[in-house]
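Tertiary structure, described
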Amino acid sequence: MNEITCECGHVNPEGTVLCEACGKPIEGNQHINGNEDKKLLNMRYDGSARRSQTYNRTIVDKVWNFFSSVKVGVWLIVLTLIASAVGTILPQEMYIPPNVDPASHYRDQYGLLGQIYYQLGFHNLFSSWWYMLLIAMIGISIVIASIDRFFPLYKTLKKQKPKRHELFMKKQRIFGVTEADQVDLELYKKNLKKRRFKIYEQDGHILAEKNRFARWGPYVNHIGLIIFLVGSLLRFVPAFYIDDFIWVREGETAMIPGTEGQYYIKNKDFILETYNEDDETDARFKEAIQKQGGPIPKTFQTNAVIYERTDEIIPGKEPELAELKDTQAKMNHPIKFDDFALYQASYQLNEFKEMTFKIHDKGNEDTNYGEFTVDLSDPKNEYTLDSGYRVEIDNYFPEYEMQEGAPVSVSKYPKNPAFVFTLYPPDSQEAETSFLGIGANVDASGENDYKIGLVNFDVRDVTGLTVKKDHTLPLIALGGAIFMIGVIQGMYWNHRRIWLQPKENGVWIAGHTNKNWYALRQEINKVISGTHIQEPRDQYEKKE
Amino acid sequence: MGDLSAISGNLLYAAFFLYLIATFFFGATIRDKKRAKSRTAGNIGISITILGFITQVGYFITRWIASHHAPVSNLFEYTTFFGMMLVFAFIVLYFIYRVDLLGLFALPIALLIIAFASMFPTEISPLVPSLQSHWLYIHVTTASLGQGILSVSFVAGLIYLISQIDQSKTSKHTSWLEFVIYTIAAVVAFIVLSSGFSALNYQSVFQAPIEGQQTEITYQMPAFIGPADGDLVTEGAMQPLIEAPEWMRGEDAAVKLNTFILSLLGGLLLYGVSRLLMRKRVGAFLQPMLRKKVNPELVDEVSYRAVAIGFPVFTLGALIFAMIWAQQAWDRFWGWDPKEVWALITFFFYAAYLHLRLSRGWHGMRSAWLAVGGFGIIMFNLIAVNLVISGLHSYA
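Keep in mind that this is a model prediction, so the values were computed, not measured. (Residues numbered from 1 in each chain as written. Chains lettered and ligands numbered in written order. Predicted model: local features only at pLDDT ≥ 70, side-chain atom pairs only at ≥ 80, totals over all residues. Heavy atoms only, no water.)

1. Description of helix 7 (residues 185-194) of chain A
All names here are of chain A. Inspection of helix 7 places Tyr188, Lys189, Asn191 and Leu192 among the buried residues, and these make up the whole buried set. Projection of helix 7 onto a plane perpendicular to its axis shows the buried side chains occupying an angular sector of 160°, all on one side. Turned more than 90 degrees off the buried face of helix 7, the exposed positions are Glu186, Lys190, Lys193 and Lys194. The inward-facing, buried residues of helix 7 abut strand 4 (198-202), strand 5 (205-210), strand 22 (496-503), strand 23 (506-513) and helix 11 (517-528). The opening residue of helix 7, the one whose side-chain oxygen lies 3.3 Å from the backbone nitrogen of Glu186, is Asp184. Backbone geometry just downstream of helix 7 places Arg196 in the positive-phi region, at approximately 60°. (Buried < 20%, exposed > 50% of the residue type's maximum accessible area, 1.4 Å probe, protein only. Helix = DSSP H or I, 4+ residues; strand = E, 2+ residues; numbered from the N terminus. Arc of directions from axis to C-beta. Contact = heavy atoms within 4.5 Å. Polar contact = N/O pair within 3.5 Å; in protein donor to acceptor, adjacent residues only side chain to side chain.)

2. A closer look at the UniProt feature "domain: Cytochrome c assembly protein" (unreviewed entry) in chain B
Taking the UniProt record as the reference, the feature "domain: Cytochrome c assembly protein" (unreviewed entry) is found at residues 73-196 and 264-393 of chain B. Note that residues 73-196 of chain B is 78% helix and 0% strand, and that its end C-alpha atoms are spaced 26 Å apart. (UniProt positions renumbered as here; feature names shortened; annotations may be inferred.)

3. Some thoughts on the packing of helix 11 of chain A against helix 9 (residues 296-330) of chain B
It is the contact of helix 11 of chain A with helix 9 of chain B, at a shortest axis distance of 8 Å, that shows an interaxial angle of 110°. By the criterion of interaxial angle, the relationship of helix 11 of chain A to helix 9 of chain B is roughly perpendicular. Counting all contacts with helix 11 of chain A, which are made through Trp517, Tyr518, Ala519 and Arg521 of chain A, the residues of helix 9 of chain B involved are Glu297, Leu298, Glu301 and Arg305 of chain B. The class makeup of the residues in the contact of helix 11 of chain A with helix 9 of chain B is 4 nonpolar, no polar and 4 charged. (Axes fitted to C-alpha atoms, helices over the stretch in contact; angles between N-to-C directions. Parallel < 35°, antiparallel > 145°, perpendicular 65-115°, else oblique. Nonpolar A, V, L, I, M, F, W, Y, C, P; charged D, E, K, R; others polar.)

4. Side note on the interface of chain A and chain B
Interface extent is often summarised as the accessible area lost during association of the parts. Between chain A and chain B, the contact holds 60 residues from the first and 68 residues from the second. For the chain A and chain B pair, buried surface summed over both sides reaches about 5400 Å², with 63% attributable to carbon and sulfur atoms. Where chain A packs against chain B, one counts 4 salt bridges. As a salt-bridge pair, Glu297 of chain B and Arg521 of chain A come within 3.8 Å of each other at their nearest N and O atoms. Inspection of the region where chain A meets chain B yields 21 residue pairs in polar contact (both at pLDDT 80 or more). Broken down by secondary-structure element, the contributors of at least two residues to the side of chain A that touches chain B are helix 3 (70-86), helix 4 (102-119), helix 8 (217-234), helix 9 (286-292), strand 9 (297-309), strand 21 (450-470), helix 10 (473-492) and helix 11 of chain A. Ranked by residues supplied to the side of chain A that touches chain B, first place goes to helix 10 of chain A with 9 residues. Partitioned by chemical class, the residues of the side of chain A that touches chain B number 33 nonpolar, 12 polar and 15 charged. (Buried area = accessible area lost by both parts, 1.4 Å probe. Salt bridge = Lys/Arg side-chain N within 4 Å of Asp/Glu carboxyl O.)

5. Topic: the domain arrangement of chain A
What the domain assignment lists for chain A is domain 1 (1-38), domain 2 (50-158), domain 3 (162-211 + 494-543), domain 4 (236-349 + 463-471) and domain 5 (354-457). Placing a centre on the C-alpha atoms of domain 3 of chain A and another on those of domain 5 of chain A gives a separation of 96 Å. (Domains from an automatic or database assignment.)

6. So, the domain arrangement of chain B
All names here are of chain B. In terms of domains, chain B is made up of domain 1 (72-164 + 281-387) and domain 2 (168-280). On a C-alpha basis, the centres of domain 1 and domain 2 stand 26 Å from each other. Facing the 17 residues of domain 1 at the interface are 21 residues of domain 2. Of the roughly 1800 Å² buried at the junction of domain 1 and domain 2 (both faces included), carbon and sulfur atoms supply 82%.

7. Describing the packing of aromatic side chains
Throughout the structure, instances matching the rule amount to 65 aromatic pairs over all chains. On the numbers, 5.7 Å between centres and 90° between planes, the contact of Tyr94 of chain B with Phe95 of chain B is edge-to-face. In this structure an aromatic cluster arises from ring pairing among Tyr106, Tyr110, Tyr117, Tyr118, Phe122, Phe126, Trp130 and Tyr131 of chain A together with Trp334 and Trp336 of chain B. One cation-aromatic arrangement involves Arg51 of chain A over Trp64 of chain A; the distance from NZ or CZ to the ring centre is 5.3 Å. In this arrangement the basic side chain of Lys503 of chain A is found over the ring face of Trp508 of chain A, its NZ or CZ atom lying 4.3 Å from the centre. (Phe/Tyr/Trp six-rings, centres within 6.5 Å; stacked < 30°, edge-to-face > 60°. Lys NZ or Arg CZ within 6 Å of the ring centre and 35° of its normal.)

8. Here's the deal with the pattern of salt bridges
Residues and elements named next belong to chain A. For the structure on display, the rule yields 38 salt bridges over all chains. A salt bridge links Asp203 to Lys163; the nearest nitrogen and oxygen atoms lie 3.2 Å apart. Taken together, the residues span a long stretch of sequence, with Asp203 in the loop between strand 4 and strand 5 and Lys163 in the loop between helix 5 (129-159) and helix 6 (166-170) at a distance of 40 residues. For Lys163, a relative accessible area of 36% puts it in the partly exposed group. When the shortest N-O distance is used, the salt bridge between Glu166 and Lys503 registers 2.6 Å. A residue pair is termed long-range when its members are at least 10 positions apart, and Glu166 in helix 6 and Lys503 in strand 22 qualify at 337 residues. By relative accessible area, Glu166 is classed as partly exposed at 38%.

9. Topic: the UniProt feature "domain: ResB-like" (unreviewed entry) in chain A
As recorded in UniProt, the feature "domain: ResB-like" (unreviewed entry) lies at residues 70-524 of chain A. Helix makes up 29% of residues 70-524 of chain A and strand 37%. Its end C-alpha atoms lie 31 Å apart.

10. Considerations on the sheet that holds strand 9 of chain A
Residues and elements named next belong to chain A. Pairing in this open sheet of 4 strands is antiparallel, and the strands run 7-8-9-10 from one edge to the other. Two strands close off the open sheet at either side, each with one partner strand: strand 7 (253-255) and strand 10 (321-330). Strand-to-strand twist across the sheet, computed as the mean angle between neighbouring axes with direction ignored, equals 25°. Examined bridge by bridge, strand 7 and strand 8 (residues 263-274) share 3 bridges and lie antiparallel to one another. Within strand 8, the residue paired with Met255 across the bridge is Tyr264. (Pairing = 2+ DSSP bridges.)

11. Overview of a nonpolar patch on the surface
Residues and elements named next belong to chain A. Where nonpolar side chains cluster on the molecular surface, the patch consists of Ile438, Leu454, Phe457 and Val459 and spans about 310 Å² of accessible area. Here Val459 is to be found in strand 21. Since its relative accessible area comes to 36%, Val459 is described here as partly exposed. (Patch = residues over 30% accessible without salt bridge, like charges linked within 9 Å, V, L, I, M, F, W, Y side chains within 5 Å. Areas by Shrake-Rupley, 256 points an atom, 1.4 Å probe, with all protein chains shown as cover.)

12. Focus on the pairing of strand 17 (residues 406-409) of chain A
Residue and element names in this part refer to chain A. Bridge analysis of strand 16 (residues 400-403) against strand 17 gives 4 bridges, and the strand direction is antiparallel. Each bridged residue has a counterpart across the sheet, and for Tyr400 the counterpart in strand 17 is Ser409. In sequence, strand 16 turns back onto strand 17 through a hairpin of 2 residues, with Glu404 there showing a positive phi of about 55°.

Structural data, given as structure tokens:
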């Protein structure tokens, strides 16, 4: 360490630009902040010795200097900004319909642009490695730039003395010389105190300072950002974060995924309400409802019971459940229990629950050779009727569609069920095969004697709930809160200092603020009013 | 209840005209030759502005009572509120710095925004389940207040640019300034065209295939650009000159494109006529009027101060409150929805602005241009993200 002793006797660390105590420009170090003889002093970080401006030899130095640069930081922000904008040109993959092939979806929907977008991976831009890298680099930059500046600045402001070097005074942006026999310093100090300045005196030199804490705002908000980013990173740790999904049919009780078999949910009822223009309270929306054309949803709600399993969890064993709470999940009002939250996220209306069929003669619908009921969530392989008829389910399509002339199922949910039945009459060896769905009843061979017809069905709703456990939220909230405190601290208060130096026939006065110079000058004018101190000049010359 | 919403509408009209009158008084301050001597015109101006603001608050409250929810739930309501917040932010900064000229520019911008808002459906609309939360008005009002304050930064930046750009020769600065002025002209054209044709009850209806289905598409302006493969149904209406390209999706894509192009052409006409009358760049025409009145450093500081005040408010409303609500409604506090991303972009932009200003000394001209860019992003988020890039927030 090559320490520098100033003429005022203060020992400064290597790389200091302005003496920590008296502010005298230290010879040989002025290039660091770009100070020139004829120009005002660059007051950035009060001319303190910053690591990034002092050492540049080893790799560590170079990395440190790279990340501590505000120029680099702004570039990182701008690049992230541009990348984010690109990510909104077309919908991200998570917002395109599920069950479609993304490659063909982007091509079909958006043509060549979509194809390029997909090929470049922009459909998953925000989880791409390079976007994460940009965010990570911003994080590193925040940490390094803050450490590089905070500690030297803190020390310098701690060690500053009221008695300043003349050169320091003259080269402040706000500077004025008063030549007068009598200057009312008592009134000056009184005015300062009234405006809540702290006053430090040394041999008749007066330093008035206020709101130094505003200088720490940027560092506080950077700490908040780092906590926020760490919180987001923790989501990759399973113990901290669970994100699962469950479909529960009305009347069913299901194990809640992600809870390791500990909790169960029963869907008592799913309610979907829409706005009704004829209803008295909704009448005020009449015009909007009519314009919309379709129904506007008012409520999505699941009435549910949450159970906790009380016995030991053994696979295959029927669980013993104790009711935990009888409650509802609505949009904006999730169910909360233990560390978990269940959010109303989706629903299916009128899913088929049961279908009842009867066997009759092909030509006569009034005949009846027996009925059977298929539970669509658990269809059996075959049904033997009391009358001796036997029906086998050869094929079951929960949600069927005809594709290229053949039935296929597009999902496993019984929204549009269809069956291939084989019927074995008791008095015949000949089996008959038929295809049956809603609005379709096809005789496979064309020579069937019997026909199976739908006589009845039951539907029910299905609710879709997201299961969340998120221990990162408190950390993320803390980060956000600290960030806000820091931003407000830094933005809504200004650090202001006014130096006064006694001279033989008058005083010198100089002022500095980290921002809002116009307001500082207004304040100085109020402080000096009646003291015979002359209004200082703003020596700032416009560069452009 | 019907009465209340009628009262509410009238209050909004009243506020609009008060802002207009106040603008003229602020305009009259230019005539006060000596700086800060006569304050009469400015005092009247700010008084009428405050009266207008109170009137608009009256609109807001009565509409809230009539609809039983805070009127910030669709594009009309939100944009109107944004205009109101811009006026509020102007009032606050006026009392810090007392710059009369700020009113001459802030109020017309607010007027344009409110007029623009009323081009969208104004009826009271019901709330879908995800919007039924107190966070609707906590998040939306704070975000809007933040944007309003940040917009004042643009207003001050614009004053700085008009008064300070060297108009003696054509440069990048003069060209971009003309572009900004042209953009404002295009917004005026949009408002004039929309309200004009809607007063005439103009309609032309097309039949066109949308996603394989024949759909009826209604234009409220002459259709220069028809829907792809559309057939004109309305008799006597203008036949489109060209058809919208097929890759544009959505029922209203062609209508929006047509409106957009017509507004751009209308703006071009307005701007062209102005230039012919002025015989020079609009910026060069305006400069002499402002030059004497403007203290560039003061205006620069107002512009910066607006960012300093608005940035925390915006962050709180548009990001933090937004995250809290999103966590409640959609089980995740962040989902990379376009509106969210553009709020983040706005945040990044002003963060860059602050770093450049505080650490790299970007003052004056550069700072003013950044303020203009920031406002561009805010407007993009309001208009383009709602109308073009759709997402969870596109409730308009």
